[in-house]
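Architecture and fold: a report
Listed below, chain by chain, are the residues.
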Amino acid sequence: MSLATEALYFAATVLLILGLKRMSSPRSARSGILWAGAGMVLAVIAAFAFSTRGYGMYSPLAGVGVSWPRLGLIAVAVAVGGVPAWWTGRKVAITDMPQMVAIYNGLGGGAAATIGAVELYSGHAYSGPLAFPVIAVLGVLVGTVAFGGSLVGFLKLQGWMGTVRIAGRHAMNGLMLAAVLALGVASIFRSSPGVIGMPVSWSISFFVLGSFIVGFLATLPIGGADMPVVISTYNACIGLAVALEGFVIQNPAMIIAGTVVGAAGSLLTFLMARAMNRTVRHVWFSDFGDQKAAAAVGLAQTMKSLEPQDAAAIMAYSDDIIIAPGYGLAVAQAQHKLWEMVQMLQKRGVKVRFAIHPVAGRMPGHMSVLLAEAGVPYDLIYDLEEINGDFANADVALVIGANDVVNPAARTDKSSPIYGMPILNVDQAKQVLVIKRGKGSGFSGVENELFFDPNTQMVFGDAQRVITKMIQSLKEI
Amino acid sequence: MNGFIALYIFMTAAFAGYEIITRVPVILHTPLMSGSNFVHGIVLVGTMIALAEARGPLEVSIGFVGVAMAASNVVGGFAVTERMLEMFKSKKNE
């Protein structure tokens, strides 16, 4: 590797790590992705400038240049993958971003696996010490499993696939994994009849296919609500796969960036799971969501419904309002209207704050992103811990399309599947207004006694339409 | 690269990754996941090298698919992350 290439890779790696660091604080987050982007550009330039590896003494190909047609082919491949990704990435609705993260993530895992596959098929991986084929095989395994799993995550979040639970799946997955591991071991040795009686190129092929199926099957039974944790897990795995394959082709930028993502992603997975009051082990191996028919206890009362105009009047003449938004706000794309309404209330001298439950919406942080998009300033947005004590003093708690995160059963009802989850204490406000599309239950399938509370009034309808009507009435008051 | 040097790099980078995000607010969980997804897009570099050195139709085909997948990871990851984080711009914090 030439000095210039080394320097480019070095700068690229520093930028990628600093970018990630900056992305972990709200103030510098936006510049973070730009720094990381600059690092990526430098790394690609370095790769183009010097496309053969710094394999050192192990490389059978050191010093071989790349032909122009091959460089052209690389550029075509970049365009084939990059152009559609750019287009979909720019066009997709904010609410659909989680599944896009899942699919782009999975493709990265598949890409890491292809490096290992090329190294194994071509025989490069076998020309050095045993560590090389072992690590190449490991990278293929981790990358391909994560690819298969991320694909399922994408399909589920997109709503194209439900939760599938096959009887005896644990035993089946275990057997499948054992078979895949055997094929993986067979792929490590390039002896001519092959360790398990088939040519090594066959065992590699079956190994890749099997790894994909394992990832696919392992993710099938996991419910949609747990997908963020699952995707974050795969994100960390793919970081690891990238680092492993980076070792195989002796690329320090890949080793470092991949490892950093592997470590940061693992920690992030645990943080996310904790914010949702789940454990990572639980998400992966339990059957949460099976109890859809959870008992509807004590729901003899009826819901009280209210017209948007009346709800607007209540808010206009109160002093302190706390808004608890949820997925319904995201679905209705009502965040801009909501901010418009809040500004009108503020002009009337009403104190308005937003209470964000960590897992309101479909992904942790989903609501903050949405409100920020509408232009709501940070100082109006409060975390669960910051604001939960203030509900008792609030005149009105306005719940918009949120359900499980405001369900008091999580505090009191031990039999409830959501028992123990921290919730927003909206029920402690003097009055609760709930904007809700229909009378159904939340994502977890649990009925919400809050809606039947004598203190609660329901405003039924699509959040966007309801808030628009509220704005009209506020103008007239 | 000596095997042990690689191990040292691996260990140091793992600690770095862990330290980087120990104190991250919940509102940044999703953008950060997307951002780290973009960072492992560095795999693009490796797929380009693999395709550059591939010989024969099988290797070239796999290499081509690899570069295309990695390019989707990089480009899509950037587009989505940038859009999420754009919402945090020019807003005062704390």
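Residues numbered from 1 in each chain as written. Chains lettered and ligands numbered in written order. Predicted model: local features only at pLDDT ≥ 70, side-chain atom pairs only at ≥ 80, totals over all residues. Heavy atoms only, no water.

1. Remarks on the environment of methionine 69 of chain B
Relative to the elements of secondary structure, methionine 69 of chain B occurs in helix α4 (residues 56–86). The buried category is assigned to methionine 69 of chain B, whose relative accessible area is 11%. The sequence separation of methionine 69 of chain B and valine 43 of chain B amounts to 26 residues, and the corresponding C-alpha distance is 9.6 Å. In this view, methionine 69 of chain B contacts Leu107, Gly110, Ala111, Thr114 and Phe147 of chain A; residues no more than four positions away in its chain are not counted. (Helix = DSSP H or I, 4+ residues; strand = E, 2+ residues; numbered from the N terminus. Buried < 20%, exposed > 50% of the residue type's maximum accessible area, 1.4 Å probe, protein only. Contact = heavy atoms within 4.5 Å.)

2. Here's the deal with the side chain of serine 24 of chain A
You can see serine 24 of chain A is positioned in the loop between α1 (3–23) and α2 (29–49). Judged by its relative accessible area of 5%, serine 24 of chain A is buried. For serine 24 of chain A, the residues in contact, after removing those within four places along its chain, are Ile20, Ile21, Arg23, Val24, Pro25, Leu28 and Leu32 of chain B.

3. Regarding the sheet that holds strand β6 (residues 456–460) of chain A
All names here are of chain A. Spatially, β3-β2-β1-β4-β5-β6 is the arrangement adopted by the 6 strands of the open sheet, whose pairing is parallel. Only two strands of the sheet have a single neighbouring strand rather than two, namely β3 (381–383) and β6. The mean angle between the axes of side-by-side strands here comes to 25°, regardless of whether they run parallel or antiparallel. Taken strand by strand, helix α13 (residues 335–347) contacts β1 (320–325), β2 (351–356) and β4 (396–400), and its axis lies near 145° from that of β2. Against the sheet, helix α17 (residues 463–476) touches β4, β5 (431–436) and β6, its axis set at about 125° to β5. (Pairing = 2+ DSSP bridges. Axes fitted to C-alpha atoms, helices over the stretch in contact; angles between N-to-C directions.)

4. Points about the nonpolar core
The biggest cluster of nonpolar side chains holds 190 residues, and the ones touching the most others in it are Leu338 and Met341 of chain A together with Ile42 of chain B. With 15 residues, the top contributor of residues to this core is helix α4 (residues 97–122) of chain A. Looking at which domains feed residues into this core, each of domain 1 (3–285) and domain 2 (295–476) of chain A gives three or more. In contact with leucine 338 of chain A, other than residues within four places in its own chain, are Ile323, Leu329, Phe354, Leu371, Ile400 and Ile467 of chain A. (Core = buried A, V, L, I, M, F, W, Y, C linked by side-chain atoms within 4.5 Å. Domains from an automatic or database assignment.)

5. Side note on the domain arrangement of chain A
Residues and elements named next belong to chain A. Parsing chain A into structural domains produces domain 1 (3–285) and domain 2 (295–476). Placing a centre on the C-alpha atoms of domain 1 and another on those of domain 2 gives a separation of 40 Å. Taken together, the 11 residues of domain 1 in the interface contact 17 residues of domain 2. Interface area, domain 1 with domain 2, both sides summed: about 1200 Å², of which 77% is carbon and sulfur. The tally of links from domain 1 across to domain 2 stands at 0 salt bridges. Residue composition of the side of domain 1 that touches domain 2, by class: 8 nonpolar, 3 polar and no charged. (Buried area = accessible area lost by both parts, 1.4 Å probe. Salt bridge = Lys/Arg side-chain N within 4 Å of Asp/Glu carboxyl O. Nonpolar A, V, L, I, M, F, W, Y, C, P; charged D, E, K, R; others polar.)

6. Regarding the packing of α13 of chain A against helix α14 (residues 366–374) of chain A
Residues and elements named next belong to chain A. Close contact between α13 and α14 brings their axes to 8 Å; oriented N to C, the two are set at 65°. Crossing angle aside, the handedness with which α13 passes α14 is right-handed. Taken together, the residues of α14 that come into contact with α13 (itself represented by Gln335, His336, Leu338 and Trp339) are Leu370, Leu371, Glu373 and Ala374. (Left-handed = near helix turned anticlockwise from the far one by under 90°.)

7. Quick look at the interface of chain A and chain B
Counting from both sides, the interface comprises 102 residues of chain A and, opposite them, 78 residues of chain B. Taken together, both faces of the contact between chain A and chain B bury some 8500 Å²; the carbon and sulfur share is 78%. Across the chain A-chain B interface, the total number found is 2 salt bridges. Here glutamate 82 of chain B makes a salt bridge to arginine 30 of chain A, at a shortest N to O gap of 2.9 Å. The interface formed by chain A and chain B holds 14 residue pairs in polar contact (both at pLDDT 80 or more) in total. Looking at the side of chain A that touches chain B, the elements that each hand over two or more residues are α1, α2, α3 (68–91), α4, α8 (227–248), α9 (252–275) and α14 of chain A. A class-by-class count of the residues in the side of chain A that touches chain B yields 70 nonpolar, 23 polar and 9 charged. (Polar contact = N/O pair within 3.5 Å; in protein donor to acceptor, adjacent residues only side chain to side chain.)

8. Some details on the pattern of salt bridges
For the structure shown, the criterion picks out 7 salt bridges over all chains. The partner of arginine 353 of chain A in a salt bridge is aspartate 320 of chain A, and the shortest N-O contact between them spans 3.4 Å. Here arginine 353 of chain A, found in strand β2, pairs with aspartate 320 of chain A, found in strand β1; they are 33 residues apart in sequence, far enough to count as distant. For the pair arginine 353 of chain A and aspartate 320 of chain A, one class covers both residues: buried. A salt bridge links glutamate 340 of chain A to lysine 337 of chain A, with the nearest nitrogen and oxygen atoms 3.6 Å apart. Of the two residues, glutamate 340 of chain A and lysine 337 of chain A both sit in helix α13, 3 residues apart, roughly one turn of that helix. The class for glutamate 340 of chain A is partly exposed, based on a relative accessible area of 31%. For lysine 337 of chain A, a relative accessible area of 26% gives the class partly exposed. What you see here is one network of salt bridges that share partners, running through Arg30 and Arg90 of chain A together with Glu82 of chain B.

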